[in-house]
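Per-entry structural report
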Amino acid sequence: TNIIKLTPIFLLDINLVEGLTLDSVEHKLYWTDALRRTIETVYVNGSKRRVLVSHDLDRPRAIAVDPNERYLFINYLHHHQYSESFNLVSSLEKF
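The structure contained in this document is the topic of the report that follows. (Residues numbered from 1 in each chain as written. Predicted model: local features only at pLDDT ≥ 70, side-chain atom pairs only at ≥ 80, totals over all residues. Heavy atoms only, no water.)

This part takes up the environment of Tyr-30. Relative to the elements of secondary structure, Tyr-30 occurs in strand S2 (residues 28-33). Separated by 22 residues in sequence, Tyr-30 and Leu-52 have C-alpha atoms that sit 9.3 Å apart. With residues up to four places along the chain from it excluded, the contact list for Tyr-30 reads Gly-19, Leu-20, Thr-21, Asp-23, Glu-40, Thr-41, Leu-52, Ile-63, Val-65, Arg-70, Leu-72 and Leu-88. (Helix = DSSP H or I, 4+ residues; strand = E, 2+ residues; numbered from the N terminus. Contact = heavy atoms within 4.5 Å.)

Let's shift gears to unusual backbone geometry. The phi torsion at His-27 lies on the positive side, around 60 degrees, for a residue other than glycine. When you line up the elements, His-27 lands in the loop between strand S1 (17-23) and S2. Owing to a relative accessible area of 47%, His-27 belongs among the partly exposed residues under this scheme. Of note, Arg-37 is a non-glycine position whose phi angle comes to about 60 degrees, a positive value. For Arg-37, the position within the fold is in the loop between S2 and strand S3 (38-43). (Buried < 20%, exposed > 50% of the residue type's maximum accessible area, 1.4 Å probe, protein only.)

In this section: the pattern of salt bridges. Inspection of the entire model under this criterion finds 5 salt bridges. For Arg-70, the salt bridge is made with Asp-23, and the minimal N-O distance between the two is 2.6 Å. One end of the pair, Arg-70, is in the loop between strand S5 (60-66) and strand S6 (71-77); the other, Asp-23, is in strand S1, with 47 residues separating them in the sequence. In terms of burial, Arg-70 and Asp-23 fall into one category: buried. With its nearest N and O atoms 2.5 Å apart, the salt bridge here joins Glu-40 to Arg-36. (Salt bridge = Lys/Arg side-chain N within 4 Å of Asp/Glu carboxyl O.)

Spatial ordering of the open sheet is given by S1-S2-S3-S4, a layout of 4 strands whose pairing is antiparallel. Every other strand in the sheet has two partners, leaving S1 and strand S4 (50-53) as the edge strands with one partner each. Strand after strand, the sheet turns through a mean of 25 degrees between neighbouring axes, direction not considered. Relative to S4, S3 runs antiparallel, the two being bridged by 3 bridges. Among the inter-strand pairings, Thr-41 is bridged to a residue of S4, identified as Arg-50. (Pairing = 2+ DSSP bridges. Axes fitted to C-alpha atoms, helices over the stretch in contact; angles between N-to-C directions.)

Sheet strands associate in pairs through backbone hydrogen bonding, adopting either a parallel or an antiparallel arrangement. Read across the sheet, 3 strands follow the order S5-S6-S7 without closing on themselves; strand pairing throughout is antiparallel. This sheet does not close on itself; its edge strands, each paired only once, are S5 and strand S7 (81-87). Averaged over all pairs of adjacent strands, the angle between their axes in this sheet comes to 20 degrees, without regard to strand direction. Across 7 bridges, the pairing between S6 and S7 is antiparallel.

Here it is as structure tokens:
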């Protein structure tokens, strides 16, 4: 039997989370904040919160992670809907 211990995470300065995903390999949460126009991450224990992308975002909405291939997929909505992906190992280093 696997017992999961849940730890509440209290994060401040979040406005409108429209997408949330869990990286079960790295034990991180990723989310989009449509009002702040950011993509952020935090470890599931609440430590090391970080803004990954905070510029040139056009209403980030849905988000998904492929923990094995290390890709983050983001969906945007403005005048039209579009998606893009980032390699978590190399692509986000430029932001």
